[in-house]
Amino acid sequence: MAKEQTFSIIKPNAVKKNVIGPILTIFEKNGLKVAAAKLTKIPKEKCEEFYAEHKARPFFSELVAFMTSGPVLLMVLSGENAIAKNREVMGATDPKKAAPGTIRALYADSMGENAVHGSDSPSSAEREIHLFFDKSEIVNL
Ligand code: CMP
């Protein structure tokens, strides 16, 4: 296994529910370390760029409206096999299909308001991290 970095967002519904702490605890218990973090509201244009691959989907405008509706916690997570590990602890995109104990099973409200985002591949992780973080803002863990 290799040490990797992945990009994570705690989405507006989870921030509103005040469950940043419990979500971070799940990451930390699973060997993921916070290497960078920013609590911010994503500007609309930046959010459209972030989700560009979904532009043609019927839920795109709803997704952007939700993701820009309130503060989010943007993070770089670091650890062994971090990309797959993060996806495992998040659970399936659709919370009805998420395994018990996963973040989405615990804190998602719907497919759209699914509490967390995590990169799905090394190339996505690289692109997403650098869309929101400068190299100098990331701690080398
Ligand atoms: P995320 O991991 O942030 O990546 C893209 C997001 O689109 C996904 O999580 C969901 O929140 C959202 N999404 C995917 N499919 C649907 C859908 N059918 N309806 C609404 N939102 C969706």
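As the structure is a prediction and not an experimental result, all values here were calculated from the model.

(A) Local environment of helix H4 (residues 60-67). Among the residues making up H4, those that are buried are Phe-60, Leu-63, Val-64, Phe-66 and Met-67. Along the axis of H4, the buried positions cluster into a sector of 165°, meaning they face one direction only. Among the exposed residues of H4, those oriented more than 90 degrees off its buried face are Ser-61 and Glu-62. In this fold, the buried residues of H4 make contact with strand E1 (3-10), helix H1 (12-16), helix H3 (44-50) and strand E3 (72-80).

(B) Quick look at the site of the ligand. If you check the shell around the ligand, you find Lys-11, Tyr-51, His-54, Phe-59, Leu-63, Thr-93, Arg-104, Met-111, Gly-112, Asn-114 and His-117 and nothing else. Here an oxygen atom of the ligand sits 2.7 Å away from a polar atom, N or O, in the side chain of Lys-11. Met-111 is positioned such that a nitrogen or oxygen atom in its backbone is 2.9 Å from an oxygen atom of the ligand. Tallied by class, residues from the shell around the ligand come to 4 nonpolar, 5 polar and 2 charged.

About the criteria used
- Along each chain, numbering runs from 1 in the same order as the chain's sequence is written.
- Selection of residues for local features in this predicted model requires a pLDDT of at least 70, selection of side-chain atom pairs for listing and counting requires 80 or more, and totals for whole chains, interfaces and linings are taken over all residues.
- Neither water nor hydrogens contribute to the side-chain values; these are computed over all heavy atoms in the structure.
- Buried residues are those whose accessible area, probed at 1.4 Å on protein chains only, stays under 20% of the maximum for their type, while exposed residues exceed 50% and partly exposed ones sit between those limits.
- Under the DSSP-based scheme used, a helix requires at least four consecutive residues in state H or I and a strand at least two consecutive residues in state E, with every element numbered from the N terminus.
- An arc is given here, and it is the one of the directions from the helix axis to the C-beta atoms.
- The contact definition used throughout considers only heavy atoms, calling two residues in contact when any of these lie within 4.5 Å.
- In these notes, residues near a molecule or strand are those with any non-hydrogen atom within 4 Å of it.
- N or O atoms within 3.5 Å of each other form a polar contact, as long as, within protein, one can give a hydrogen and the other can take it, and as long as residues adjacent in sequence are counted only when both atoms are side-chain atoms.
- Ten residue types, Ala, Val, Leu, Ile, Met, Phe, Trp, Tyr, Cys and Pro, are classed as nonpolar, four, Asp, Glu, Lys and Arg, as charged, and the remainder, Gly among them, as polar.

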